[in-house]
Amino acid sequence: MEQNPKSVRMWIITCLLFIFGQAMENDRDFRMCGTWRHGNASRNLKYDLKTGCKEIEISANESTLSIQGSITAKCTKTSSIPLESNPLQNQSRFCVFWEPLLDLLIVEVNGKNHTLCESHGLQGNCCTDLSHKNQENAALYGIVNGSIHGDIIRYDVMEVYRFRGDTINCKEKFCDEASQKHSGANMIEDVVMKSNKIGRVDLPCAQSTIIEMEEGFTGLNFTLPAPRNVAPNMIPSVYLPSSLKTQSRIKSKVVCTYYKDKSLFQRGSSDVVLLDDIVGLSVENEIIKNLPEPVRITFHHSALPPKHSRSCVSWDTRQDNEVTWRNDGCKTVEIHNTETECHCNHLTYFAILVQVEQKATVRHLQALTFITAVGCAVSLVSCLVLFYWLCKRRVKKIQISLVHRGLVVAIFLLCLFFILTGTLANVGNEIVCKITGSLLHYALLSTLCWMAMEVFHTFLLIRKVFTSTLPTWIFYLVGFGLPVLLVGILLLIEDVYGKRKIVPSDDVNNPYYMCWMLENDKSLLAHYIINVGLLAVVVSSGAVMLFLVVREIHNRPDWKKIHVAFLSIWGLTCLFGTTWGLGFLDFGPMSETVLFLFCIINSLQGFFLMLRYYALERMKNKDGSISDGSSSGSSKQHMLQTHEKS
């Protein structure tokens with residue numbers, strides 16, 4: 001159906017008028033602009049301002065632009081300002097700005113500002129919501145294209161414009177408007193900064209302190225202003241370092257704002273809770289970041305349950321379109337269960353975020369850490385004894401003995417770096433932790449690679465695939481060389497190794513730190529491709545090889561002896577890395593049991609291998625046989641009836 005163009009235009013105009021009307025209604029400031037048509041003679045700006053809330057009159061004639069009326073809270077001024085004149089110019093652009101909350105009145109003529117009433121703090125009751133009073137008095141000289149907030153009132157020449165006002169509580173209205181806008185916190189700090197006041201500034205939604213830093217500023221420690229309904233001992237305190245004062249400015253103003261109401265900083269996630277106290281810090285006309293000495297904000301709060309973690313977060317509303325609380329640039333110092341200190345190297349809005357549901361915690365972390373540390377210590381000693389025994393024996397040059405020694409060295413390094421990683425994470429710097437994390441990862445990969453080499457070498461011995469043995473350097477290249485290549489690639493990528501935080505589910509406020517792979521997308525991808533991928537290969541190939549060995553020897557007379565069967569299978573299980581397969585079973589109702597078994601068995605792997613070598617050596621001595629004494633070698637002797645000569 002064809003529409004009437006005139007009706008379409010009317011509909012568009014109606015929508016625009018509605019939008020402009022809503023903007024004018026919600027805008028707390030008054031802005032009236034126009035073009036002053038005047039003569040070529042000298043001109044001046046005349047004003048006569050009084051307190052009250054009646055009306056303001058903006059008028060113009062051939063030589064004078066006049067502002068007069070009763071709309072101010074404290075300002076009473078009468079004067080005249082001469083304006084620059086140009087004989088060739090017969091009109092001037094002007095705007096009148098009225099900010100009732102600040103009691104600030106500014107007139108701009110041809111781009112030059114004239115402050116008629118200066119701000120002297122934030123006003124409680126003020127005159128606002130100025131509305132135009134209709135009148136007809138066209139003239140030769142006056143105001144052309146008069147507008148309010150960009151919306152044209154009259155296009156023709158008008159001599160006088162009058163606006164009536166209403167008295168309201170400006171502070172309450174301002175807080176209501178700020179709470180409805182994304183940039184509400186910025187609005188509060190901006191208006192506090194413009195209040196032209198030093199010291200305390202109160203609003204219903206926030207309490208601010210304005211501090212002036214002068215030359216020689218050495219830092220300042222102070223407590224924020226407290227609302228009437230908050231106990232003084234629960235108010236946050238702030239320390240401003242001397243590095244906050246830049247050398248480029250003689251004086252700088254710092255606005256420190258305390259928000260007890262978090263409605264300006266809501267977030268939608270249900271598994272976290274933002275504590276009520278929020279502190280905003282900003283410096284006039286400056287963006288502060290990467291401070292050499294951090295700002296310290298001390299928050300006081302009620303005691304948190306043991307399973308709830310807390311962390312210092314910040315939100316830069318000037319950069320984020322949505323509420324995004326981040327840990328970047330802030331360090332959390334838990335002084336007490338009711339007191340938390342935030343050390344931050346930038347200025348913005350700061351708060352304490354409490355994690356309610358821990359989704360990334362480890363069960364029984366303290367017990368598991370203790371068990372693993374003890375097991376690794378026992379394996380360290382066992383690996384030293386076993387390595388000495390393998391080197392001392394007359395068969396030390398046989399290839400299978402060399403392969404065993406490579407695995408023993410790898411397990412020794414893995415246990416050593418695992419014991420050191422927790423200590424170095426707490427006392428070392430980032431570089432030390434990065435190096436330790438990469439060495440621990442190298443030892444883990446080397447252990448898995450040597451287990452894969454044990455599987456491959458046993459396969460060669462059982463199946464006699466080759467008539468001659470492979471060069472030993474091939475095994476060492478894979479066992480020690482391949483992990484060097486993989487770890488070197490990850491070091492080049494960067495942000496893969498560093499200090500890793502592991503949170504226990506029973507005490508989230510005391511996390512365990514270790515030097516390992518970080519929690520980010522790159523590290524996670526490397527973990528699944530390299531660690532999990534290599535582990536899956538080792539466990540699957542080891543399980544297949546274990547099955548083949550058992551099938552080959554199940555009819556042997558020696559197999560009837562229970563202790564021989566147990567030691568052989570258990571030793572080969574550790575040797576081939578199939579015990580690491582318990583890591584894939586950490587789910588379901590038996591997950592906790594599996595987790596403890598995984599830590600106990602794999603941390604004691606060096607001890608189990610040494611124990612098996614010793615037991616089999618004693619049995620061979622009783623039988624008067626001579627063998628390598630190794631798992632695979634003894635497997636050949638007891639299971640395959642073949643002997644290796646010394």
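Just so it is clear, the structure is predicted and the values come from calculations on it, not from any experiment.

A. Representation of the pairing of strand E21 (residues 330-336). Bridging between E21 and strand E22 (residues 339-344) involves six bridges; their strand directions are antiparallel. In the strand pairing of E22, Glu-334 is matched with Thr-340. Linkage of E21 to E22, two consecutive antiparallel strands, is achieved through a turn of two residues.

B. Up close: a nonpolar patch on the surface. A cluster of nonpolar side chains, namely Leu-482, Leu-485, Ile-489 and Ile-493, defines an oily patch on the protein surface of about 340 Å² accessible area. In this structure, Leu-482 sits in helix H7 (residues 472-493).

C. Main features of helix H4 (residues 365-392). Under the 1.5 Å per step criterion, the end-to-end length of H4 is 40 Å for 28 residues, consistent within 8% with the ideal 40 Å. Among all positions of H4, only Leu-365, Leu-368, Thr-372, Gly-375, Cys-376, Ser-379, Leu-380, Ser-382, Cys-383, Leu-386 and Leu-390 are buried.

D. Region of the structure containing the state of the cysteines. Tallied over the entire structure, the rule returns eight disulfides. Note on cysteine connectivity: Cys-33 is disulfide-linked to Cys-95, with sulfurs 1.9 Å apart. Every disulfide takes its handedness from the sign of the S-S torsion; for Cys-33 and Cys-95 that torsion is 110°, giving right-handed. With Cys-33 in strand E1 (residues 30-37) and Cys-95 in strand E6 (residues 91-99), this residue pair connects regions lying 62 residues apart in the sequence. Sulfur-sulfur distance for the disulfide between Cys-330 and Cys-344 comes to 2.1 Å.

E. Quick peek at the sheet that holds E6. Strands sit in the order E8-E7-E6-E1-E10-E11 across an open sheet of six strands; the sheet is antiparallel. Every interior strand has two partners, whereas the edge strands, strand E8 (112-117) and strand E11 (151-154), have only one. Mean inter-strand twist for the sheet, computed between neighbouring axes without regard to direction, equals 25°.

F. Focus on the pattern of salt bridges. A full pass over the atoms with the stated rule returns 11 salt bridges. Lys-50 is the salt-bridge partner of Asp-48, the closest N and O atoms lying 3.1 Å from each other. On the basis of relative accessible area, Asp-48 is assigned to the partly exposed category, the value being 23%. A salt bridge links Asp-156 to Arg-154, with the shortest nitrogen-to-oxygen separation between them at 2.8 Å. A residue is classified by how much of its surface remains accessible, and Asp-156, at 34% relative accessible area, is partly exposed.

Reading the values: the criteria
Residues numbered from 1 in each chain as written. Predicted model: local features only at pLDDT ≥ 70, side-chain atom pairs only at ≥ 80, totals over all residues. Heavy atoms only, no water. Pairing = 2+ DSSP bridges. Helix = DSSP H or I, 4+ residues; strand = E, 2+ residues; numbered from the N terminus. Patch = residues over 30% accessible without salt bridge, like charges linked within 9 Å, V, L, I, M, F, W, Y side chains within 5 Å. Areas by Shrake-Rupley, 256 points an atom, 1.4 Å probe, with all protein chains shown as cover. Salt bridge = Lys/Arg side-chain N within 4 Å of Asp/Glu carboxyl O. Expected span 1.5 Å × (residues − 1). Buried < 20%, exposed > 50% of the residue type's maximum accessible area, 1.4 Å probe, protein only. Disulfide = S-S within 2.5 Å. Axes fitted to C-alpha atoms, helices over the stretch in contact; angles between N-to-C directions.

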